[in-house]
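# Structural features, examined
In case you want the letters, here they are:
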Amino acid sequence: MTNYWLMKAEPAEASIDDVLAMPNATVGWTGVRNYQARNFMRDGMQLGDGVLFYHSSCAEPGIVGIARVASGVTVDPTQFDPASTYFDAASKPDAPRWLLVDVQVLHKTRNFTLPQMRADAALSDMLVLKKGSRLSITPVEPQHWAHILRTLGISVS
DNA sequence: GCCAACGTTGGC
DNA sequence: GCCAACGTTGGC
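This structure is a prediction, so every number in the text was calculated from the model and none was measured. (Residues numbered from 1 in each chain as written. Chains lettered and ligands numbered in written order. Predicted model: local features only at pLDDT ≥ 70, side-chain atom pairs only at ≥ 80, totals over all residues. Heavy atoms only, no water.)

## Observations regarding the protein's contact with DNA strand C
Inclusion rule: Any residue with at least one heavy atom within 4 Å of a molecule or strand is counted as near it. We call two N or O atoms a polar contact when they sit within 3.5 Å, provided that within protein one can donate a hydrogen and the other can accept it, with sequence-adjacent residues counted only if both atoms are side-chain atoms. Three classes are used, and their members are as follows: Ala, Val, Leu, Ile, Met, Phe, Trp, Tyr, Cys and Pro are nonpolar, Asp, Glu, Lys and Arg are charged, and the others, Gly among them, are polar.
For DNA strand C, the full set of nearby residues is Lys8, Tyr54, Ser56, Ser57, Pro61, Leu114, Arg134 and Leu135. In DNA strand C, the atoms that sit within 4 Å of the protein are 78% sugar and phosphate, with bases accounting for the remainder. Within the backbone of Ser57, a nitrogen or oxygen atom sits 3.0 Å from a phosphate oxygen of DNA strand C. Interatomic distance of 2.3 Å between a side-chain N/O atom of Arg134 and a base oxygen of DNA strand C. Of the residues belonging to the surface near DNA strand C, the class tally is four nonpolar, two polar and two charged.

## Side note on the packing of aromatic side chains
Applied cut-off: We call Phe, Tyr and Trp rings a pair once their centres come within 6.5 Å, taking the six-membered ring for Trp, and we label the pair stacked below 30 degrees between planes, edge-to-face above 60, and tilted otherwise. Labels follow the DSSP assignment, with helices taken as runs of H or I lasting at least four residues and strands as runs of E lasting at least two, numbered in each case from the N terminus. For every residue, the accessible area obtained with a 1.4 Å probe (protein chains only) is divided by the maximum for its type, and the residue is called buried under 20%, exposed over 50%, and partly exposed between those limits. Consider the ring centre and the ring normal. A charge sits over the ring if Lys NZ or Arg CZ is within 6 Å of that centre and within 35 degrees of that normal.
All told, the structure shown has four aromatic pairs when counted by the stated rule. The interplanar angle of 25° and the centroid separation of 4.5 Å between the aromatic rings of Tyr4 and Trp145 together place this pair among those described as stacked. Within this pair, whereas Tyr4 is found in strand 1 (residues 4–9), its partner Trp145 is found in helix 5 (residues 142–152), the two being separated by 141 residues in sequence. Its relative accessible area of 9% is what places Trp145 among the buried residues. Its end group placed over the ring of Phe112, Arg110 keeps NZ or CZ at 5.5 Å from the ring centre.

## So, the protein's contact with DNA strand B
In the region of DNA strand B, the neighbouring residues are Asn34, Tyr35, Gln36, Lys131, Gly132 and Arg134. If you look at DNA strand B and keep only atoms within 4 Å of the protein, 75% of those are sugar or phosphate atoms. Between DNA strand B and Lys131, the relevant distance is 2.6 Å, taken from a phosphate oxygen to a side-chain nitrogen or oxygen of the residue. In the model, a base oxygen of DNA strand B is placed 2.6 Å from a nitrogen or oxygen of the Arg134 side chain. Looking at the surface near DNA strand B residue by residue, the class counts come to one nonpolar, three polar and two charged.

## Digging into the nonpolar core
Using the following cut-off: Here, nonpolar core means buried Ala, Val, Leu, Ile, Met, Phe, Trp, Tyr and Cys residues that are tied together by side-chain atoms lying within 4.5 Å of each other.
Met7, Trp29, Met45, Phe53, Val103 and Ile137 are the most contacted members of the largest nonpolar core, which totals 22 residues. Of all the secondary-structure elements, those providing two or more residues to this core are strand 1, helix 2 (16–20), helix 3 (35–44), strand 3 (50–55), strand 4 (62–69) and strand 7 (102–113). Leu52, Phe112, Leu114 and Trp145 belong to the second largest nonpolar core, which has 19 residues in total.

## Here's the deal with the sheet that holds strand 2 (residues 26–28)
Here is the rule we go by: When DSSP finds two or more bridges between a pair of strands, those strands are recorded as paired. Lines fitted to C-alpha atoms define the axes here, with helix axes fitted over just the stretch in contact, and angles between the N-to-C directions of these axes take values from 0 to 180 degrees. Residues are treated as being in contact if the distance between any of their heavy atoms lies within 4.5 Å.
In spatial order, the strands read 2-7-4-3-1-8; together these six strands make up an open sheet with mixed pairing. Because the sheet does not close on itself, it has two edges, and the strands there are strand 2 and strand 8 (137–140). Direction aside, the axes of adjacent strands within the sheet are offset by 35° on average. As judged from the six bridges shared by strand 1 and strand 3, these two strands associate in the parallel manner. Bridged to Ala9 within strand 3 is His55. Contacts from helix 3 reach strand 1 and strand 8 within the one sheet, and its direction differs from that of strand 8 by about 50°. Helix 5 rests against strand 1, strand 3, strand 4, strand 7 and strand 8 of the sheet, and its axis sits at about 65° to strand 7.

Put into structure tokens, the structure is as follows:
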């Protein structure tokens, strides 16, 4: 059973172009520091799940690409790195708090911007568009996934 | 930079 | 366990 997700990245930190420049267009999704988002990765994600790659905290927030979950969950090493902005002194190596998955970009798309998403009646009940939604990872309904791919003219087998 | 909304912390 | 204070997210 394939599931679908929307994952937010800050382009100043890891844009879709940055990921495309990496080997296999794959990045370890470091820095998730919210338990709900972590639990989605741990309990919900499976290898091969579909991912909407979203740019946040930038001039034009929106969906900029289609990706896939390219690994199972593993420990996020940045939590143990004092030099990292994601360092968590309270997390112990024998009981790691924070996890990551690898994400592989499959298609860069035009920017399906946040205002365009909000204007699209078919997406009106998407979790990420709910008032006050701040989660960096949200599940996406199959019909929303299909509608977005159709809108972007993408077919993913 | 503002601020609404939400999450986390910690005193009690 | 409650909840006030504080911190963070993220659009604008």
